[in-house]
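Here's the letter readout for the chains.
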Amino acid sequence: MLHEKTLNEALATISLRSIDEQESYPAGQIRYLSDSGLLLDVAHDLDALRSTVTRELFDQRVRHAPGPKIDPVTDSGVWRYRELILPAPVNSIVSRPEGNTPLYEHPCMSEWVGVNSLYLKHEGENPTGSFKDRGMTVGVTQAVLMGAQAVACASTGNTSASMAAYAARAGIPAFVFIPAGKIAAGKLAQALAYGAHTLQVNGDFDDAMRLVQQVCEQLGIYLLNSLNPFRLEGQKSIVFEILQGFDWNPPDWIVLPGGNLGNTAAFGKALHEAHTLGLIDHLPRLATIQAEGASPFYQSYLTQFAEHKSMKANTVATAISIGNPVSYERAIRALKWTNGVSISVTDEEIMNAKALIDSTGIGCEPASAASVAGARKLVDNGTISPDETVVGILTGNLLKDPTATVDYHTGKWPNAKLANQPVRVEPTLAAVQTEIERRLSKAH
Ligand code: F0G
């Protein structure tokens, strides 16, 4: 742990504040809820930042060729925005470095969605293959600052993979709680490989989430789920990077999948802050897409949030198979700030969208494809108009969930419109030649 005085000085410009802005605590205090049980935000002194935080400050930090030593402020797409994220001493930062992810375009994707301009921000190209790295670099840095003896999270797979990696970099023991048999193979492999203590809970994600909160409280372990507001500060950088990538002229829409709703919450806060600080002069609208089998937020949205729904979740997009999302209240606020919307898509829609994204050479895991399937649906129902600019977030890498992909292409889905069946051949030149000629003649 940093010397207490140094720590207090470093964190003096931020505080923890309940989302109704009524309760406030020092940023150096470990807590995840306010005394009255509300979710917390990291609050920045935006008035004080107004004179120092400018577009130019961030633009001058973009370095295209990383040097031999990682400098998080210039090499990481998270810490470039450190004033708006966590003013941690630079030498205490745990970074891989993360972020700086591409915005992809492909004519067949925009045509399929039904808009002229569609860009896919590929968060699956982060160091451990998902956007979670952006939150985890901040969460683990804060854990180090707080002198945490161990860190823990419940996860549908990506959070645990990311936490395991960053905890290993920091040399802190990591405990991951995952629903037994319900996370994709690539993600389980990562948690084990990076050396996390892996507890497979007999239950679903919502059970694991409940349990890890109790464990962290009882045993004094630092909780790194997105309940922890420092995680969300890091995830805000996805939005800052989009805005900077568009030369601070925001797109009309940002469309993203919603599970535990951490990202929706973080995106709303990032946009609100960027707008308040004058970095942008208008706000894009957010669209949170849920899988039909795990759509409590969308169901609540339909009641204009008069009812707070929860459900037993089940979807092929295991990353977002969550029935009782933690950042529910923060996500409502995000939609209110941005005039946002929500919609759900079926597993079949998700898998067909994924197959199209994959076939363009971009590729993603199932949950990510919900953004593209959702964007198409929102164009179909007239919410998004064809001349609007849409950025969809691809949250995770194709290799995270090989089973879902192989199942789709090998006949396990009834309406797999883009299935690319492998074929068995005899080990002879003649057999292979026949097969190749048949395929080439079909292609012409
Ligand atoms: N996409 C992917 C690939 C994810 O892993 C997640 C969440 C989401 C979308 C949804 O983001 O929770 O911020 O609404 N994964 C968490 C995990 C729950 O444990 O890895 P959210």
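Predicted, not measured: the structure shown is a model, and the values here were computed from it. (Residues numbered from 1 in each chain as written. Predicted model: local features only at pLDDT ≥ 70, side-chain atom pairs only at ≥ 80, totals over all residues. Heavy atoms only, no water.)

Remarks on the packing of helix α14 (residues 347-359) against helix α16 (residues 402-409)
Move 1: At their nearest, the axes of α14 and α16 sit 11 Å apart, and the two run at 95° to each other. Between α14 and α16, the crossing angle belongs to the class labelled roughly perpendicular. Together, M351, N352, K354, A355 and D358 of α14 and A404, T405 and Y408 of α16 make up the contact between the two elements.
Move 2: Residue composition of the contact of α14 with α16, grouped by class: 4 nonpolar, 2 polar and 2 charged. (Axes fitted to C-alpha atoms, helices over the stretch in contact; angles between N-to-C directions. Helix = DSSP H or I, 4+ residues; strand = E, 2+ residues; numbered from the N terminus. Parallel < 35°, antiparallel > 145°, perpendicular 65-115°, else oblique. Contact = heavy atoms within 4.5 Å. Nonpolar A, V, L, I, M, F, W, Y, C, P; charged D, E, K, R; others polar.)

Focus on the layout of surface pockets
Move 1: Approximately 300 Å³ is the volume found for the largest pocket.
Move 2: Forming the boundary of the largest pocket are 17 residues, of which V62, H64, R80, N100 and E241 lie nearest the centre.
Move 3: Here the lining of the largest pocket gets 4 residues from one element, more than from any other, and that element is helix α10 (residues 229-245).
Move 4: Its residues placed into classes, the lining of the largest pocket shows 5 nonpolar, 6 polar and 6 charged.
Move 5: Of the volumes computed, that of the second largest pocket is approximately 260 Å³. (1 Å grid on protein atoms, 1.4 Å probe; cavity = no way out; pocket = protein on both sides within 12 Å on 5 of 7 lines; lining within 4 Å. Points joined across faces, edges and corners; volume = space filled by probe spheres on them.)

Thoughts on the pairing of strand β7 (residues 174-179)
Residues in a regular strand point their side chains to alternate faces of the sheet.
Move 1: Burial of β7 is extensive: 5 of the 6 residues sit out of reach of the surface.
Move 2: Regarding the hand of the β-α-β motif, the stretch spanning strand β6 (residues 151-154), helix α7 (residues 158-170) and β7 is right-handed.
Move 3: The pairing of β7 with strand β8 (residues 197-201) spans 5 bridges and is parallel. Looking across to β8, one finds that F175 is bridged to H197. (Buried < 20%, exposed > 50% of the residue type's maximum accessible area, 1.4 Å probe, protein only. Right-handed = clockwise from strand over helix to strand, strands pointing away. Pairing = 2+ DSSP bridges.)

Notes on the state of the cysteines
Move 1: If you walk through the whole model with that rule in mind, you get 0 disulfides.
Move 2: No disulfide involves C216; its sulfur sits 8.9 Å from that of C153, the nearest cysteine.
Move 3: Since its relative accessible area comes to 4%, C216 is described here as buried.
Move 4: Not part of a disulfide, C364 finds its nearest cysteine sulfur in C108, a span of 13 Å. (Disulfide = S-S within 2.5 Å.)

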